Amino acid sequence: MDYTQLAEKLVKFLDLRYEPVAVKVVKKGEPMPEGYKEPEKNLRHCQSIMKARKGESFIIPAGKHACVVGASSLGIIPSPEKVASGEFHHNLGMFDSVEAAAGMIANRPIFEPESRTATVVGPLKDAKVEPDVVILVDRPETVYWIVPASTYYKGGRVNFSSAAFQATCADTTILPTLTGEINISLGCFGCRKATDIENDEMLMGIPFNKLENIVNALEKLSEGPLPKARQK
């Protein structure tokens, strides 16, 4: 399936509110993908995801990333000392101590520092380069159906990992890329403060190399279990 077909099927089977978002984090040494514009103003990674779900596409190099926490976890810039020490997040009032905040940062999934040069973000249907992950932003019931779709062929259980911060960077971009498994996020402080994500919405990150199988499984689920569960 091509990107447009995958996106159309996801929207159709899940009745998505928004477009599925394709994300690629460009590795150092890779050519910059063509056909994308830089945003006029600096953007956080979460802001670019929320704009992409409504149709916009961007390439965002280091100088255009507005959030040093996200950009450092994405391997685009070095981690600032105040972030690594926990001081930054403790000062936001989200942790009881600097040590607690530092523990969160020490355990976040990251790409190797300065191993990436840019993020490429846009609707999956318009993707011009193979993404690393596809991110869905929607209601919990909608996002839920990715779980049975991901276990449709092999069974088993799905494990999720999240934290108080970094919903779109660590939770739904980096972790699915590193593990090769889907991951959810309920959102985070920064994402909910800086974007238009709704109170009843959450996020799902899907490794792109698993997406076609998941879409095929969703097609099977849409023939029975999915509509039956929604008819109440």
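Small disclaimer: the values here were computed from a predicted structure and weren't measured.

We now examine helix H2 (residues 45–52). In terms of burial, H2 is a largely internal element, 7 of the 8 residues being buried. Where H2 is concerned, the buried positions are His45, Cys46, Gln47, Ser48, Ile49, Met50 and Ala52.

Once that is clear, we can look at the packing of aromatic side chains. In total, this model carries 5 aromatic pairs according to the counting rule given. Summarising the aromatic geometry, the rings of tyrosine 3 and phenylalanine 208 are spaced 5.7 Å apart at their centres and angled 70 degrees between planes, so their arrangement reads as edge-to-face. Note that tyrosine 3 is positioned in helix H1 (residues 3–14) and phenylalanine 208 in helix H11 (residues 208–221), a separation of 205 residues in sequence. On the basis of relative accessible area, tyrosine 3 is assigned to the partly exposed category, the value being 21%. Ring centres 5.0 Å apart and planes at 85 degrees place the aromatic pair tyrosine 152 and tyrosine 153 in the edge-to-face group. The partly exposed category is assigned to tyrosine 152, whose relative accessible area is 39%. A relative accessible area of 49% places tyrosine 153 in the partly exposed class. In this structure an aromatic cluster arises from ring pairing among Phe95, Phe165 and Phe189.

What follows concerns the sheet that holds strand E2 (residues 58–61). If you walk across this open sheet you meet the 6 strands as E2-E3-E1-E4-E6-E5, and the pairing is antiparallel. For this open sheet the edge positions go to E2 and strand E5 (183–185), each flanked by a neighbour on one side alone. Here the strands of the sheet are splayed against their neighbours by 20 degrees on average, with no regard to which way each runs. Both strand E4 (residues 133–138) and strand E6 (residues 202–207) contribute to a ladder of 6 bridges, which runs antiparallel. Within the sheet, the bridge partner assigned to leucine 136 lies in E6 and is methionine 204. Contacts from helix H9 (residues 167–179) reach strand E1 (21–27), E4, E5 and E6 within the one sheet, and its direction differs from that of E5 by about 175 degrees. Running at roughly 105 degrees to E6, H11 makes contact with E4 and E6 of the sheet.

Another point: H1. Residues that lie three or four places apart on an α-helix share one face, since the helix turns once every 3.6 residues. Spanning 12 residues, H1 covers 16 Å between terminal C-alpha atoms, matching the ideal 16 Å at 1.5 Å per step. For H1, every residue scored as buried is listed here: Leu6, Ala7, Leu10, Phe13 and Leu14. Take H1 and look down its axis: the buried residues cluster within an arc of 145 degrees, on one side only. Seen from the buried face of H1, the exposed residues on the opposite side, beyond 90 degrees, are Glu8 and Lys12. Elements in contact with the buried residues of H1: E4, helix H7 (140–144), helix H8 (146–151), H11 and helix H12 (225–230). At the N-terminal end of H1, a side-chain oxygen is found 3.2 Å from the backbone nitrogen of threonine 4, two or three residues along, and the residue is aspartate 2. Of the residues one or two after H1, aspartate 15 is the one with positive phi, at around 55 degrees.

Criteria and thresholds
Residues numbered from 1 in each chain as written. Predicted model: local features only at pLDDT ≥ 70, side-chain atom pairs only at ≥ 80, totals over all residues. Heavy atoms only, no water. Buried < 20%, exposed > 50% of the residue type's maximum accessible area, 1.4 Å probe, protein only. Helix = DSSP H or I, 4+ residues; strand = E, 2+ residues; numbered from the N terminus. Phe/Tyr/Trp six-rings, centres within 6.5 Å; stacked < 30°, edge-to-face > 60°. Pairing = 2+ DSSP bridges. Axes fitted to C-alpha atoms, helices over the stretch in contact; angles between N-to-C directions. Contact = heavy atoms within 4.5 Å. Expected span 1.5 Å × (residues − 1). Arc of directions from axis to C-beta. Polar contact = N/O pair within 3.5 Å; in protein donor to acceptor, adjacent residues only side chain to side chain.

Nothing here speaks to function; it is all geometry.
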